[in-house]
Amino acid sequence: MAKTLILRCSVNSLITVLFAFVFVAVYLAGERRLWFFEDEDQAAMQRNSSAKCNLFSGKWVFDNKSYPLYKEKECTFMWDEFACEKFGRKDLNYQSWRFNATALLEKLRGKRMVFVGDSLNRDQWVSMVCLVESAIPAPLKSKPKYAHFKFKAIEYNASIDFYWSPMLVESNNDDPISHRLPERIVRISEIEKHARHWTNADILVFNSYLWWRRPKMKLLWGSFESPDQITKEVDMLQSYKMALKTWSDWLDIHVDRNKTRSFFMSMSPTHLWGQEWGMSQPNNCYNETLPITKEGYWGSGSDMRMMKIAEATVDELRAKGLQIEMLNITQLSEYRKEAHPSIHKKLWTPLTEDQLSNPRSYSDCVHWCLPGVPDVWNEILYAYIFNLT
């Protein structure tokens with residue numbers, strides 16, 4: 001059982017890669033129907049080889065034959081935080097997506113791809129590794145070391161890594177395992193500790209939003225150990241802008257413009273407030289089984305102001321000659337209120353009696369089940385990678 005995305009767009013080289021979008025089966029009002037992709041301007045667009053395609057606009061439809069591409073229990077790299085079926089989820093309609101793993105590995109031959117960011121970027125990294133590992137015989141792939149988040153396709157000399165850096169710049173939350181601290185402190189002008197691990201990668205995939213979502217951030221100038229350190233609480237949006245300036249300055253100076261292709265993922269939506277899609281309070285994603293169908297739905301968990309700051313930063317880097325794109329996965333993911341782990345994941349601390357009596361109180365409506373929505377993000381990323389020269 002799975003869902004895929006139909007895109008309203010013209011036919012060009014990218015849509016050739018995204019071959020799964022043309023013919024799908026949809027579940028509507030209890031019936032299975034076949035939907036064909038139709039565009040009233042399609043014939044004209046086909047005659048225009050330079051026509052652009054909006055890969056990020058469309059709607060979700062049901063396909064119970066083609067998807068999911070991989071099975072949760074068959075992915076040896078699956079994390080328990082995203083293994084919803086393992087932890088008791090029975091409806092599997094959230095699973096999705098088609099992917100040519102061998103073709104991608106050929107494109108990555110001799111290259112290093114690094115996902116840099118927070119646990120949502122790790123969610124996407126796990127998805128990517130699960131998508132490609134099925135095409136590689138067991139002796140020809142390395143087992144991941146979870147403190148380092150590395151995957152190696154030996155036959156292709158290709159690596160797909162994840163580097164934990166939730167703020168992109170340095171912070172007191174930089175430990176990849178133990179990072180839940182009562183106070184968040186950011187060294188707003190320092191990034192080298194992180195960047196030296198990924199600057200020479202061929203493909204970089206960044207994200208950084210969720211850990212900034214608080215009214216003010218405590219910024220630090222100087223080291224954590226220095227008695228001369230200076231700290232100041234700064235408005236979140238200004239702090240975020242300062243951090244992306246530090247990040248972009250590093251890329252501008254250190255990244256090889258002829259070698260490295262970079263991507264910045266837009267905000268991953270949360271579904272914490274059910275009243276936003278017509279439920280009563282205090283509902284959230286718990287027990288949800290269907291996507292939101294209202295076109296253009298936008299939840300309050302997605303901050304357009306932050307996304308505009310990120311987009312402006314990416315545009316400035318592109319104007320300086322860097323090969324970088326912002327992949328806007330927010331709107332297409334906004335509809336998927338049913339695709340979060342909710343209570344179906346590994347819990348690292350025992351639940352209280354109050355929590356056990358109210359499952360909504362500990363439902364994870366932030367991360368995504370796998371197979372699931374991050375596979376779609378990777379399908380779009382896949383299209384962009386295939387458009388590389």
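Not measured: the values here are computed from a predicted model.

A. Quick look at the pairing of strand S5 (residues 112-117). Within S5, five of the six residues are buried, leaving the element largely enclosed by the surrounding structure. Alignment of S5 against strand S7 (residues 158-164), held across six bridges, turns out to be parallel. For Val114, the partnering residue across the bridge sits in S7 and is Asp161. Two elements, S5 and strand S10 (residues 203-206), share four bridges in a ladder whose sense is parallel. Note on S10: the bridge partner recorded for Phe115 is Val205.

B. Representation of the side chain of Ser268. Within the secondary structure layout, Ser268 lies in the loop between strand S13 (261-265) and helix H7 (304-319). With a relative accessible area of 10%, Ser268 lands in the buried category. The contacts of Ser268, once residues within four sequence positions are left out, are Leu120, Ile329, Val366, Trp368 and Trp377.

C. Geometry of the nonpolar core. Counting residues in hydrophobic clusters, the biggest one holds 82 residues, and the most contacted among them are Met113, Ile160, Trp198, Trp212, Trp247 and Phe264. With residues up to four places along the chain from it excluded, the contact list for Met113 reads Leu108, Met128, Ser159, Ile160, Asp161, Ile203, Val205, Leu381 and Ile385.

D. Structural context of the packing of helix H4 (residues 119-133) against helix H10 (residues 373-386). Interaxial distance between H4 and H10 falls to 9 Å at its minimum, and their mutual angle equals 70°. Here H4 is positioned roughly perpendicular relative to H10, judged by the angle of their axes. Contacts from Leu120, Asp123, Gln124, Ser127, Met128 and Leu131 of H4 reach H10 at Pro374, Asp375, Trp377, Asn378 and Leu381. For the contact of H4 with H10, a count of residues per class yields six nonpolar, three polar and two charged.

E. Fine view of the sheet that holds strand S9 (residues 185-187). With mixed pairing, four strands are arranged side by side in an open sheet as S8-S9-S11-S12. A single partner strand is all that each edge strand has here, and the edge strands are strand S8 (170-171) and strand S12 (230-235). Of the strand pairs in this sheet, S9 and strand S11 (residues 216-221) are connected by two bridges, and their pairing is parallel. In the sheet register, Ile185 faces S11, and the bridge partner there is Lys218. Along the sheet, helix H6 (residues 236-254) contacts S11 and S12; its crossing angle with S12, the most-contacted strand, is approximately 115°.

Quick notes on the rules
Residues numbered from 1 in each chain as written. Predicted model: local features only at pLDDT ≥ 70, side-chain atom pairs only at ≥ 80, totals over all residues. Heavy atoms only, no water. Buried < 20%, exposed > 50% of the residue type's maximum accessible area, 1.4 Å probe, protein only. Helix = DSSP H or I, 4+ residues; strand = E, 2+ residues; numbered from the N terminus. Pairing = 2+ DSSP bridges. Contact = heavy atoms within 4.5 Å. Core = buried A, V, L, I, M, F, W, Y, C linked by side-chain atoms within 4.5 Å. Axes fitted to C-alpha atoms, helices over the stretch in contact; angles between N-to-C directions. Parallel < 35°, antiparallel > 145°, perpendicular 65-115°, else oblique. Nonpolar A, V, L, I, M, F, W, Y, C, P; charged D, E, K, R; others polar.

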